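Here is how the chains run, residue by residue.
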Amino acid sequence: MGSGAEASVAERRPFPVSWDQFHRDCRALTWRLNAVGPFHAVVAITRGGLVPAAIVARELGLRVIDTICVASYAHDKQGELQVLKGVSEQTAALGGGTGKGLLIVDDLVDTGKTGRMVRDLLPDAHFATVYAKPKGKPLVDTFITEVSQDTWIFFPWDTGLSFQPPLKDGAA
Ligand SMILES: O=P(O)(O)OC[C@H]1O[C@H](OP(=O)(O)OP(=O)(O)O)[C@H](O)[C@@H]1O
Ligand code: HPA
Ligand SMILES: [Mg+2]
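Scoring rules and cut-offs
Residues numbered from 1 in each chain as written. Chains lettered and ligands numbered in written order. Predicted model: local features only at pLDDT ≥ 70, side-chain atom pairs only at ≥ 80, totals over all residues. Heavy atoms only, no water. Helix = DSSP H or I, 4+ residues; strand = E, 2+ residues; numbered from the N terminus. Rg over C-alpha atoms; globule rule 2.2 N^0.38 Å. Buried < 20%, exposed > 50% of the residue type's maximum accessible area, 1.4 Å probe, protein only. Contact = heavy atoms within 4.5 Å. Areas by Shrake-Rupley, 256 points an atom, 1.4 Å probe, with all protein chains shown as cover. Near = heavy atom within 4 Å. Polar contact = N/O pair within 3.5 Å; in protein donor to acceptor, adjacent residues only side chain to side chain. Nonpolar A, V, L, I, M, F, W, Y, C, P; charged D, E, K, R; others polar.

Explain the overall build of the protein chain to me, please; I cannot follow it from the model alone.
In terms of regular secondary structure, the protein chain is built from 4 helices and 8 strands. When the helices and strands of the protein chain are listed from N to C terminus, the series reads β-α-β-α-β-β-α-β-α-β-β-β. Since a compact globule built from 172 residues should have a radius of gyration of about 16 Å, the 17 Å found for the protein chain is in line with a globular shape. If one aligns the C-alpha atoms of the protein chain with their principal axes, the spans along those axes are about 60 × 35 × 25 Å. Burial status across the protein chain gives 43% buried among its 172 residues. For the protein chain, the proportion of contacts with a sequence separation of at least 24, taken over those separated by at least 6, is 60%. In the structure as shown, the protein chain presents an accessible area of about 9800 Å², 55% of it carried by carbon and sulfur atoms.

Right, here's the structure in full:
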């Protein structure tokens, strides 16, 4: 980097997360959220937020779950953020129009662009993510694990088991 250009996935530190680890981190997140709530509903930021939202909602006993559907990254490159769908009128009313008492969940904040957008839509909601990078951290109310900005998190739903060459054969 250094030229201002965004690093590709290959240039970043890989941080692979297993299903087990993700589940544990979501449960840890819920412990913190349980001390902050109660919440009327969970709002998942699609698509990555759907998985932690299901686990958090299960742990908190919440059954009203809505989505804000966004599109931005094409694999690792972030384009213009597009809101494809906002929360329903019913969910908006539960949050008094400003999101008070709503719990927004996403898998991570990176640059904070998505976080800023949801904060603009629902300024009084509580925004929680499982992972946070430094640039996005100020936008999140609660998170579990911070990773460096030059890290790329590989989520279990994006990855699969594959052969790893031994270290002595040149594996990183
Ligand atoms: O802080 P930011 O730089 O905005 O990046 C964080 C967002 O990027 C990823 O979603 P993505 O847009 O890749 O879509 P997906 O959830 O459908 O995978 C991730 O799930 C967050 O929502
Ligand atoms: O580190 C990341 N991993 C997966 N998806 C992402 N979207 C933005 N940053 C990341
Ligand atoms: Mg996402």
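Mind showing me how you'd approach the site of ligand 1 here?
Taken together, 15 residues lie near ligand 1, and Arg 47, Asp 106, Asp 107, Thr 111 and Thr 114 sit nearest. A distance of 2.5 Å separates an oxygen atom of ligand 1 from a polar atom in the side chain of Thr 111. Protein chains bury 89% of the 500 Å² of accessible surface belonging to ligand 1 in isolation. Those elements that provide at least two residues to the shell around ligand 1 are strand 3 (65-74), strand 5 (102-109) and helix 4 (113-121). Residue contributions to the shell around ligand 1 peak at 4 residues, all from strand 5. Here the residues of the shell around ligand 1 sort into 3 nonpolar, 7 polar and 5 charged.

How should I be thinking about the side chain of Asp 110 in this particular structure?
Looking at the element boundaries, Asp 110 is found in the loop between strand 5 and helix 4. Asp 110 sits in the buried class, given a relative accessible area of 10%. A distance of 3.0 Å separates a polar atom in the side chain of Asp 110 from a polar atom in the side chain of Gln 149. Once residues lying within four places of it in the same chain are set aside, the contact partners of Asp 110 are Arg 12, Tyr 73, Lys 133, Lys 135, Gly 136, Gln 149 and Trp 152.

Any link to function would need more than the numbers given here.
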